[in-house]
Amino acid sequence: MLQEKIINTIRVLSAEAIEAANSGHPGLPLGAAPMAYTLWAHEMKHNPLNPKWDNRDRFVLSAGHGSMLMYSLLHLFDYGLPMDELKQFRQLNSLTPGHPEYGHTKGIEISTGPLGQGIANAVGFAMAEAHLAAKFNTPEHKVVDHYTFALSGDGCLMEGISYEAASLAGTLKLGKLILMYDSNQITIEGNTSIAFTESVSKRFEAMNWQVLEVNDGNDIDAIQAALKVAKLEKDKPTIIIVKTIIGYGCPSKQGSHKVHGSPLGADGVAEMKQFLEMPEEPFFVDEDVKLFMKKKVQILAEEEHEWHTMFKAYEAANPELAAEYKAWFSGEIPMDYLESEAFWSYSEKAASRSSSGKILNKIAEVMPNLIGGSADLAPSNNSDMKARGSFSADDYYGSNLHFGVREHAMTAIVNGMQAHGGLKAYAATFFVFSDYMKPAIRLAAMMKLPVTYILTHDSIGVGEDGPTHQPIEQLAMLRSIPNINVIRPADAREVTAAWYTAMTSKETPTALILSRQNLEVLDGSSREALKGAYVVSEAAGTAKAILIGTGSEVGVAIKAQAILKDAGIDVRVVSMPCQELFDMQSDDYKASVLPKDIPTVSIEAATTFGWAKYADLTIGRDDFGLSAPGNVLFDLFGFTGEKVAEKVKAFLA
């Protein structure tokens, strides 16, 4: 049977690549090959000749350690991944890295590997599809009409993020989300019974999912029938529980945890080929397999051709809507407005979270594809778009997302929405809870997804909520992640610059670190904040020191400057809302702001970790906060003009 030969080809190629690398995870590719092939060949809408077709179905390998399954599929389906790349699995500069990497290999929709995040990404893809369909489809033309498929293993379903995301998906009735669960009951340490005994089916039923089961993972007819049933359900996402044997095809090792993450060995590969009746020749693909796959690719490509024909009719009937569709998917940004005086004119004394909310709503008026929300804190985060409705099972057209108290899933979901295309996504919560978000923020930075994070209540200024809610080390944590702009603005003008940076970013996420406490409008603040750091208040005479502040502490630095001036000590004050942007400036500019021959003092109500790069003296908080009003804590911990001035005097003495 030809299809069985194709499936076994996938198995053998996967095992051989892992053997050549002497590294990898053969268990999942061998066990899940039938379900993956059945999906890709018969039930998934995609065009290997154009992997970026807007209306393709999305496939997420949440169990990213099984990456060779994906690469074998991409090779056979002619996604431009040659056999030589399979032979270079896990090697330097290959297109077949250890886990799937977005933007690196054609056909990879999202980077996966940290288990469970892929399921949340898939929820994001499905939410994006639902929103775009509500916006652009007409009764006559469904230009946005595709499914999201995810493949997970037992490990994914042990991670908390999976259930955060699955719970939300059930609430939102995302009927075009289908999760295929490779249920082989094996993890690295052994049988799942040692740590994972709940009824997955009952749990998903309780979360408003349709649950289907396939008892034999090699039964492709049953798998295809389940996929067809899943597609018929419009008001519930579907999980298809497929019972598989990990490492199937290698009789001496299948069904054991030893095949999860270790190569089969030369003898194991030979045994597998004999059992599956496959040729001994390494990395072999039979001619009849090649011919079948070539024809299959042509059939798949025809679906996109039909879609383009339909889109032309749609465009003729709805020219304005079609033009808007193209603008959304092109990533078009309203630069005329972002460069206008109207955008840059806002300035008032306010908490930067409040300023952010007003600027967000100004942007929302001119950027209709802006979408985002909060982990149940929108009134505190000021993250609602006032003129937009709420995204819900009853209204997918709404742009305000309600994630519930699910910070980790929220962040991975917006990654999926951003990667889907057509949308500009953001997420919001209290800054201290960025600890829950970090794994997904890290992947956004790695994938170069320009997601925006609105992180409010930025310091000990949170006050009475106490040390559990007062960020101390979180700034250093976010700044340590490559490719993210962490911006802590000092007033409303700098908040404007922060949002400008976020909206114009093409490949870098942006974290807006915003205050609960009110911030005065600084006389010297300006658009120069776009450079990451600038002189906000120059010394009256020759500067004896430079005070560097961020956020609310810039105002403290300016007060200290006045006190020091009265004492005969002139200092310059620099606002540094974003270290990353400042580091990108020219050496001449950086030297003009922070001359090397003038001592520097950093002032930030957070850990001093990382400030040695810029400052000779660091004033910060290297312990946790306390429960008391914010102004009391700022005084107690030394963040006042008077106390900073005393420390600077002692430093210069």
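These remarks concern the structure in this document. No experiment lies behind these values; they were computed from the predicted model shown.

1. Observations regarding the overall build of the protein chain
In step 1: Each helix and strand in the protein chain was counted, giving 24 helices and 20 strands.
In step 2: Here the C-alpha radius of gyration of the protein chain, 27 Å, is about what a compact globule of 653 residues would show, namely 26 Å.
In step 3: C-alpha atoms of the protein chain, sized along the principal axes, occupy 90 × 60 × 45 Å.
In step 4: Counting only residues that meet the buried cut, the protein chain has 61% of its 653 residues in that class.
In step 5: Contacts in the protein chain between residues at least 24 apart in sequence constitute 77% of all its contacts with a sequence separation of at least 6.
In step 6: As displayed, the protein chain offers around 24800 Å² of accessible surface, 50% of which is attributable to carbon and sulfur atoms.
In step 7: Looking at the protein chain, you have 58 positive and 80 negative side-chain charges, and the mean spots of the two groups are 2 Å apart.

2. Describing the sheet that holds strand E11 (residues 424-430)
In step 1: The strand order E10-E9-E11-E12-E14-E13 describes an open sheet built from 6 strands, whose pairing is parallel. Either end of the sheet is taken by a strand with one partner, and the two such strands are strand E10 (400-402) and strand E13 (485-487). Neighbour-to-neighbour, the strand axes of the sheet open up by a mean angle of 20°, direction not taken into account.
In step 2: Judged from the 3 bridges that link them, E13 and strand E14 (residues 510-513) form a sheet pairing that is parallel. Pairing of Val486 across the sheet is with Ala511, part of E14.

3. Things to note about helix H14 (residues 352-366)
Since the α-helix turns once every 3.6 residues, residues separated by three or four places project in the same direction.
In step 1: For H14, which comprises 15 residues, the first-to-last C-alpha distance of 22 Å matches the rise-based estimate of 21 Å (1.5 Å per residue) to within 8%.
In step 2: Across the 15 residues of H14, 11 count as buried, placing the element largely inside the fold.
In step 3: When we look at burial in H14, the residues that qualify are Ser352, Arg353, Ser355, Ser356, Gly357, Ile359, Leu360, Asn361, Lys362, Ile363 and Ala364.

4. Here's the deal with the side chain of Lys273
In step 1: Residue position: Lys273 is located in helix H9 (residues 266-276).
In step 2: Those residues in contact with Lys273 that sit more than four places away from it in its chain are Val12, Glu16, Met278, Pro279, Glu280, Glu281 and Pro282.

5. Digging into helix H8 (residues 220-232)
In step 1: Here H8 contains 13 residues, and its C-alpha end-to-end distance of 19 Å stays within 8% of the 18 Å for a straight helix at 1.5 Å per residue.
In step 2: Every buried residue of H8 is listed here: Ile220, Ile223, Ala226, Leu227, Ala230 and Lys231. When H8 is viewed along its axis, its buried side chains cluster within an angular range of 140° and face the same direction. Among the exposed residues of H8, those oriented more than 90 degrees off its buried face are Asp221 and Leu232.
In step 3: The secondary structure elements touched by the buried residues of H8 are helix H1 (2-21), helix H2 (27-43), strand E2 (148-153), strand E3 (177-183), strand E6 (210-214) and strand E7 (238-243).
In step 4: Where H8 begins, the side chain of Asp219 points an oxygen toward the backbone nitrogen of Asp221, at a separation of 3.3 Å.

6. Some details on unusual backbone geometry
In step 1: One non-glycine residue with positive phi stands out, namely His457, at about 60°.
In step 2: Residue position: His457 is located in the loop between strand E12 (452-456) and helix H18 (474-479).

7. Here we look at empty space enclosed by the protein
In step 1: Applying the stated rule across the entire model yields 5 cavities of 30 Å³ or more.
In step 2: Here the largest cavity defines a volume of roughly 70 Å³.
In step 3: Lining of the largest cavity is provided by Trp40, Met44, His46, Pro51, Arg56, Asp57, Phe59, Tyr79, Gly107 and Glu109.
In step 4: Here the lining of the largest cavity is composed, by residue class, of 5 nonpolar, 2 polar and 3 charged.

8. Focus: the packing of helix H6 (residues 160-171) against helix H16 (residues 407-420)
In step 1: The contact between H6 and H16 brings their axes to 8 Å, and the two run at 70°. Regarding the angle of H6 to H16, the classification is roughly perpendicular. Contacts between H6 and H16 involve Ile161, Glu164, Ala165 and Leu168 from the first element and Glu407, His408, Ala409, Ala412 and Ile413 from the second.
In step 2: Here the contact of H6 with H16 is composed, by residue class, of 6 nonpolar, 1 polar and 2 charged.

9. What to know about the pattern of salt bridges
In step 1: Evaluated as defined, the whole model comprises 25 salt bridges.
In step 2: Salt-bridge contacts for Lys273 lead to Glu16; the nearest nitrogen and oxygen are separated by 2.5 Å. With Lys273 in helix H9 and Glu16 in helix H1, the pair connects residues that are 257 residues apart, well separated along the chain. Residues Lys273 and Glu16 agree in their burial class; the two are buried.

10. Some thoughts on the pairing of E11
In step 1: In terms of burial, E11 is largely enclosed, as 7 of its 7 residues are buried.
In step 2: Where strand E9 (residues 370-374) lies against E11, 5 bridges are found, and the strand directions are parallel. From the neighbouring strand, Gly372 faces E11, where its bridge partner is Tyr426.
In step 3: Where E11 lies against E12, 5 bridges are found, and the strand directions are parallel.

11. Some thoughts on the sheet that holds strand E1 (residues 58-61)
In step 1: Across the sheet, which stays open at both edges, the 5 strands sit in the order E1-E2-E3-E7-E6 with parallel pairing between neighbours. Among the strands making up the open sheet, the edge pair consists of E1 and E6. Neighbouring strand axes in the sheet, compared pairwise and without regard to direction, differ in orientation by 20° on average.
In step 2: Here E3 pairs with E7 via 6 bridges, running parallel. Among the inter-strand pairings, Ile178 is bridged to a residue of E7, identified as Thr238.
In step 3: Contacting E1, E2, E3 and E7, H2 crosses the sheet at an angle of about 170° to E2.

So, how was this worked out
Residues numbered from 1 in each chain as written. Predicted model: local features only at pLDDT ≥ 70, side-chain atom pairs only at ≥ 80, totals over all residues. Heavy atoms only, no water. Helix = DSSP H or I, 4+ residues; strand = E, 2+ residues; numbered from the N terminus. Rg over C-alpha atoms; globule rule 2.2 N^0.38 Å. Buried < 20%, exposed > 50% of the residue type's maximum accessible area, 1.4 Å probe, protein only. Contact = heavy atoms within 4.5 Å. Areas by Shrake-Rupley, 256 points an atom, 1.4 Å probe, with all protein chains shown as cover. Lys, Arg positive; Asp, Glu negative; His and termini not counted. Charge placed at Lys NZ, Arg CZ, Asp CG, Glu CD. Pairing = 2+ DSSP bridges. Axes fitted to C-alpha atoms, helices over the stretch in contact; angles between N-to-C directions. Expected span 1.5 Å × (residues − 1). Arc of directions from axis to C-beta. Polar contact = N/O pair within 3.5 Å; in protein donor to acceptor, adjacent residues only side chain to side chain. 1 Å grid on protein atoms, 1.4 Å probe; cavity = no way out; pocket = protein on both sides within 12 Å on 5 of 7 lines; lining within 4 Å. Points joined across faces, edges and corners; volume = space filled by probe spheres on them. Nonpolar A, V, L, I, M, F, W, Y, C, P; charged D, E, K, R; others polar. Parallel < 35°, antiparallel > 145°, perpendicular 65-115°, else oblique. Salt bridge = Lys/Arg side-chain N within 4 Å of Asp/Glu carboxyl O.

By themselves, these figures tell us nothing about what the structure is for.
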